[in-house]
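One-letter residues, chain by chain:
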Amino acid sequence: MLAVDVKNIKKTFISKQDIVEAVKDVSFQVKQGEIFGLLGPNGAGKSTTILMLTTLLSITEGSASVLGIDVASKDKEVREKIGVALQDTGLDNLLTGKELFFTTCRLWGYSKKDSEVRTGELLELVGLTEAAERRVKTYSGGMKRRLDLGLSLVHSPEILFLDEPTTGLDPGSRRVLWDEIKRLRDNGVTIILTTQYLEEADELADRIAIIDEGLVVAEGTADELKASIGGDVITFAFDNYDDLENAKNILKNTVQEKNELRITVEDGASKIPVYLKDLSSNGVEVSSVSASKPTLDDVFLEVTGYRLEGSEDIKKSEEKSKR
Amino acid sequence: MESNRSFLVQLQILTKRMVLRVVRRPLAELPNLIISAFFLFVYDGALGGVFGGAASGTPFDFAKGNFINFILPVSIVSASLSGAASGIYLVEDIESGVFKRYQSMPISRWAIILAPMNVGAFRVLLQSGLILFIGIIIGADPAVGSIGFLIVLSIAFIWGMGFAGYSVAAGVKSGSSQGAQAATFLFFPAIFLAPTFVPREALKGWLETAAAYNPTTYVIEAMRAVMVDGWELDVLFRGYLSAGLFAALTLTLAVISARKATEKA
Ligand SMILES: Nc1ncnc2c1ncn2[C@@H]1O[C@H](COP(=O)(O)OP(=O)(O)OP(=O)(O)O)[C@@H](O)[C@H]1O
Ligand SMILES: [Mg+2]
């Protein structure tokens with residue numbers, strides 16, 4: 001049985017001011033025990049999709065099921081099976097971490113005694129044992145995210161929905177959460193997460209759907225997606241504008257980004273000398289050239305026509321933190 | 001696992017959590033309590049001398065010698081307005097996202113909404129009870145005997161729940177805690193367009209008319225009857241009826257708006 005089966009769902013918000021098609025046509029299937037990543041920029045419709053699948057928003061058109069249970073008609077049954085951590089963490093600032101876990105355990109039907117035991121386990125699991133007696137108000141952003149994740153795990157759900165679980169976290173805290181999420185997957189939990197970070201999708205997700213403007217524009221494993229571009233990406237860098245413009249005419253089919261030109265070809269390394277010869281015989285000076293396998297970044301550019309902003313920043317800050 | 005919790009157990013857990021929130025900010029209880037006590041002390045200080053004693057034997061002897069008895073209902077009504085915190089509690093949960101989390105769990109939406117109402121009710125009883133207690137200490141003495149205190153408290157409770165319902169409806173509709181807070185401004189017309197300091201007959205024409213349309217008037221009059229005059233069943237009945245109708249109206253509005261808020265968009 002599929003963990004999640006989404007068939008052409010659509011969400012239209014109608015207000016007095018206007019009509020917003022937040023999700024136009026989204027379909028995907030998630031197998032049990034995998035991490036499925038929904039990758040997309042701000043406003044792509046990720047949260048709207050998650051809210052529909054977690055029974056918090058109605059589905060305008062199409063259908064979705066979780067473990068074979070229809071989301072629209074059997075919402076209460078679906079809620080029994082799923083854990084949800086939304087983009088905006090829903091935390092009670094006046095209570096302590098321990099009290100939040102305890103209350104949530106009780107609401108899920110644990111006895112007082114069992115709730116105490118489970119609270120201890122979960123605090124340990126998300127690394128909040130030390131801060132357990134402190135009010136949530138005093139927690140850092142990373143701690144709040146971990147607490148939020150922990151609260152979604154109280155009833156040991158088979159399926160976990162995480163909407164941008166690491167947004168706003170520093171690279172270190174992000175790693176901690178990634179490891180936690182992987183561990184859950186290894187224990188058999190199916191995870192559907194959204195992200196606007198390419199690295200996160202690349203590192204975490206067993207399969208990825210790229211979502212843009214309410215549509216799924218590509219789907220597959222990271223490797224499949226990269227392979228779909230075909231060949232290698234050769235990047236030429238230029239010191240001046242004229243060289244770049246000339247090179248553009250000579251090389252054809254390039255994609256420009258700042259002072260660089262990219263071209264995707266089969267067997268890139270062996271073609272570099274040919275290109276360089278071509279360029280230098282036309283008097284174009286190349287400051288550097290390299291060939292690489294396509295990244296998710298390249299895939300994203302290919303399927304949407306633009307780059308996912310911010311993905312570079314996280315790489316840089318990650319490098320910084322390594323030093 | 002199955003969550004086999006009954007509605008009542010869910011309500012109890014959610015209420016307990018809400019009480020914890022209230023306990024964590026004890027100072028939030030103070031303003032309303034102080035205003036209510038203020039009515040009692042300041043008006044007794046200002047007017048008690050005249051209407052509590054000097055007016056004896058004149059047509060202005062409506063307090064029948066004990067102005068505390070006369071003014072205590074105003075203080076109690078003011079204390080009962082603390083029920084309006086229900087709406088603020090609920091909207092705080094909506095704003096913090098806690099409400100959404102509960103909605104994503106298999107628990108009753110009515111438990112989610114009734115918990116803050118419960119705490120509002122506690123608050124009404126607590127604050128009204130405290131004011132009543134102060135009143136007793138400084139000399140309140142119901143004409144119908146001690147049962148009068150219970151009657152006063154029960155009317156205050158119904159009235160307070162009316163305000164709880166009103167604040168929930170206003171808060172959910174506005175979707176912000178400011179909205180719920182703003183709702184408490186109803187306090188002013190409620191208290192002052194009423195026979196607060198003197199009986200209704202003694203009010204000037206326009207205010208007498210306004211007071212006649214203000215349900216607070218009948219609530220205060222019923223409490224006063226018990227405190228000052230004795231068993232005036234028709235006045236008492238009108239008081240319960242006004243409070244009851246007000247509560248029924250606002251609680252219905254609360255249910256309607258809360259149902260909307262918990263419905264899927
Ligand atoms: N309740 C709503 N009413 C009207 N429009 C909405 C509503 N919720 C979302 N939208 C719109 O739908 C689109 C998709 O929003 P959504 O929150 O699903 O995006 P997202 O992919 O989660 O973005 P982000 O990365 O910023 O969280 C946006 O244009 C948003 O403005
Ligand atoms: Mg989002």
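Residues numbered from 1 in each chain as written. Chains lettered and ligands numbered in written order. Predicted model: local features only at pLDDT ≥ 70, side-chain atom pairs only at ≥ 80, totals over all residues. Heavy atoms only, no water.

This part takes up the overall build of chain A. Of regular secondary structure, chain A possesses 12 helices and 14 strands. Expressed along its principal axes, the backbone C-alpha trace of chain A runs to roughly 80 × 45 × 40 Å. Within chain A, counting contacts between residues at least 6 apart in sequence, those at least 24 apart form 68% of the total. For chain A, the accessible surface area stands at approximately 14,800 Å², while carbon and sulfur atoms represent 47% of it. Looking at chain A, you have 42 positive and 56 negative side-chain charges, and the mean spots of the two groups are 5 Å apart. (Helix = DSSP H or I, 4+ residues; strand = E, 2+ residues; numbered from the N terminus. Contact = heavy atoms within 4.5 Å. Areas by Shrake-Rupley, 256 points an atom, 1.4 Å probe, with all protein chains shown as cover. Lys, Arg positive; Asp, Glu negative; His and termini not counted. Charge placed at Lys NZ, Arg CZ, Asp CG, Glu CD.)

Bringing unusual backbone geometry into the picture now. Among all residues save glycine, negative phi is the norm, and among peptide bonds the norm is trans. All names here are of chain A. Residue Asn8 is not a glycine yet carries a positive backbone phi of 45 degrees. By the secondary structure assignment, Asn8 is in strand 1 (residues 4-14). With a phi close to 60 degrees, Lys252 is a non-glycine residue in the positive phi region.

Quick look at the packing of helix 6 (residues 109-137) of chain B against helix 12 (residues 233-262) of chain B now. Residues and elements named next belong to chain B. Where helix 6 meets helix 12, the axes come as close as 10 Å, and the angle between the chain directions of the two elements is 135 degrees. By the angle between their axes, helix 6 is oblique relative to helix 12. Along this stretch, helix 6 crosses helix 12, giving a crossing that reads as right-handed. Residues Arg109, Trp110, Ile113 and Met117 of helix 6 lie in contact with helix 12, whose contacting residues are Leu251, Val255, Ala258, Arg259 and Thr262. (Axes fitted to C-alpha atoms, helices over the stretch in contact; angles between N-to-C directions. Parallel < 35°, antiparallel > 145°, perpendicular 65-115°, else oblique. Left-handed = near helix turned anticlockwise from the far one by under 90°.)

What follows deals with the nonpolar core. Generally speaking, nonpolar side chains in soluble globular proteins are found buried as a group. Core analysis: the largest hydrophobic core is formed by 69 residues, its most contacted members being A:Leu147, A:Ile191 and A:Ile208. Looking at this core, the element that brings in the most residues is helix 6 of chain B, giving 5 residues. In this view, A:Ile191 contacts A:Glu34, A:Ile35, A:Phe36, A:Leu160, A:Leu162, A:Ile181, A:Leu184 and A:Arg185; residues no more than four positions away in its chain are not counted. Ranked by size, the runner-up nonpolar core spans 47 residues in total, among them B:Ile151, B:Ala190, B:Ala194 and B:Ile220. (Core = buried A, V, L, I, M, F, W, Y, C linked by side-chain atoms within 4.5 Å. Buried < 20%, exposed > 50% of the residue type's maximum accessible area, 1.4 Å probe, protein only.)

Coordination of the magnesium ion (ligand 2) by the protein involves A:Ser47 (OG) and A:Gln87 (OE1), with metal-donor separations of 1.9 to 2.1 Å. With a gap of 40 residues between them, A:Ser47 in helix 1 (residues 46-53) and A:Gln87 in the loop between strand 6 (82-85) and helix 3 (97-107) connect regions that are remote in the sequence. (Donors = N, O, S within 2.8 Å, 3.2 Å for Na, K, Ca; no water.)

Turning next to the site of ligand 1. Residues and elements named next belong to chain A. Ligand 1 sits among 14 residues. The nearest are Gly43, Lys46, Ser47, Thr48 and Glu164. Contact distances for ligand 1 include 2.8 Å between an oxygen atom and a side-chain N or O atom of Asn42. Between ligand 1 and the protein, one listed contact pairs an oxygen atom with a backbone N or O atom of Gly43 at 2.7 Å. When ligand 1 is considered free in solution it has 630 Å² of accessible area, and contact with the protein chains removes 62% of it. Looking at which element gives the most residues to the shell around ligand 1, the answer is helix 1, with 3 residues. Here the shell around ligand 1 is built from residues that sort into 5 nonpolar, 7 polar and 2 charged. (Near = heavy atom within 4 Å. Polar contact = N/O pair within 3.5 Å; in protein donor to acceptor, adjacent residues only side chain to side chain. Nonpolar A, V, L, I, M, F, W, Y, C, P; charged D, E, K, R; others polar.)

As a further point, take the packing of aromatic side chains. Here the distance between the centres and the angle between the planes together describe a pair of aromatic rings. One pass over the full model with this rule turns up 9 aromatic pairs over all chains. By way of ring pairs, the aromatic residues B:Trp159, B:Phe163, B:Tyr166 and B:Phe246 are connected into one cluster. Above the ring of A:Tyr197, the side-chain terminus of A:Arg174 is found at 4.4 Å from the ring centroid. Stacked on the ring of B:Phe70, the Lys or Arg B:Arg224 has its end atom at 3.5 Å from the ring centre. (Phe/Tyr/Trp six-rings, centres within 6.5 Å; stacked < 30°, edge-to-face > 60°. Lys NZ or Arg CZ within 6 Å of the ring centre and 35° of its normal.)

Right, let's talk about the domain arrangement of chain A for a bit. All names here are of chain A. Here the domain parsing of chain A yields domain 1 (4-92 + 138-226), domain 2 (95-134) and domain 3 (229-322). Between the C-alpha centres of domain 1 and domain 2 the distance comes to 24 Å. Contacts between the two partners involve 18 residues from domain 1 and, on the opposite side, 17 residues from domain 2. Summing both partners gives a buried area of about 1,600 Å² for domain 1 against domain 2, and 64% of it is carried by carbon and sulfur. When residues of domain 1 are sorted by the area they lose upon contact with domain 2, Asp92, Tyr139 and Val154 head the list and together hold 36% of the total. (Domains from an automatic or database assignment. Buried area = accessible area lost by both parts, 1.4 Å probe.)

Residue and element names in this part refer to chain A. Here helix 5 (residues 141-151) crosses helix 6 (residues 171-186) at 15 degrees, and the two axes come no closer than 10 Å. Regarding the angle of helix 5 to helix 6, the classification is roughly parallel. Handedness of the helix 5/helix 6 crossing: right-handed. For the pair helix 5 and helix 6, contact is made by Arg145, Arg146 and Leu149 and by Val176, Leu177 and Glu180, respectively. Class assignment of the residues belonging to the contact of helix 5 with helix 6 gives a composition of 3 nonpolar, no polar and 3 charged.

Residue and element names in this part refer to chain A. With antiparallel pairing, 4 strands are arranged side by side in an open sheet as 12-13-11-14. Edge strands, defined here as strands with exactly one partner in the open sheet, are strand 12 (255-257) and strand 14 (288-292). Averaged over all pairs of adjacent strands, the angle between their axes in this sheet comes to 20 degrees, without regard to strand direction. Strand direction decides the pairing type here: strand 12 and strand 13 (residues 260-265), joined by 3 bridges, are antiparallel. The residue bridging Val255 from the neighbouring strand is Arg262, located in strand 13. Where helix 10 (residues 268-281) meets the sheet, it contacts strand 11 (232-237), strand 13 and strand 14, and its direction lies at approximately 30 degrees from that of strand 11. (Pairing = 2+ DSSP bridges.)

Turning to the interface of chain A and chain B, a few remarks are in order. Interface size is commonly expressed as the accessible surface area that is lost when the partners come together. Counting residues at the interface gives 35 residues for chain A and 26 residues for chain B. Summed over both partners, the interface of chain A with chain B comes to about 3,000 Å²; 57% of that surface belongs to carbon and sulfur atoms. Counting the surface chain A buries against chain B, the share from its top three residues, A:Leu94, A:Leu107 and A:Trp108, is 22%. Across the chain A-chain B interface, the total number found is 4 salt bridges. Of the charged contacts, one joins A:Asp148 and B:Arg101 as a salt bridge, the two residues approaching to 2.2 Å between their closest N and O atoms. The interface formed by chain A and chain B contains 7 residue pairs in polar contact (both at pLDDT 80 or more). Within the residue set of the side of chain A that touches chain B, elements represented by two or more residues are helix 2 (75-81), helix 3 and helix 5 of chain A. Top contributing element to the side of chain A that touches chain B by residue count: helix 3 of chain A, with 5 residues. Of the residues assigned to the side of chain A that touches chain B, the class counts are 14 nonpolar, 11 polar and 10 charged. (Salt bridge = Lys/Arg side-chain N within 4 Å of Asp/Glu carboxyl O.)

A word on the pairing of strand 6 of chain A. Residues and elements named next belong to chain A. The two faces of strand 6 match: Ile82 and Val84 on one face and Gly83 and Ala85 on the other face are all buried. Summarising the sheet, strand 6 and strand 7 (residues 159-163) pair through 4 bridges and their orientation is parallel. Looking at the pairing, Ile82 lines up with Ile159 of strand 7.

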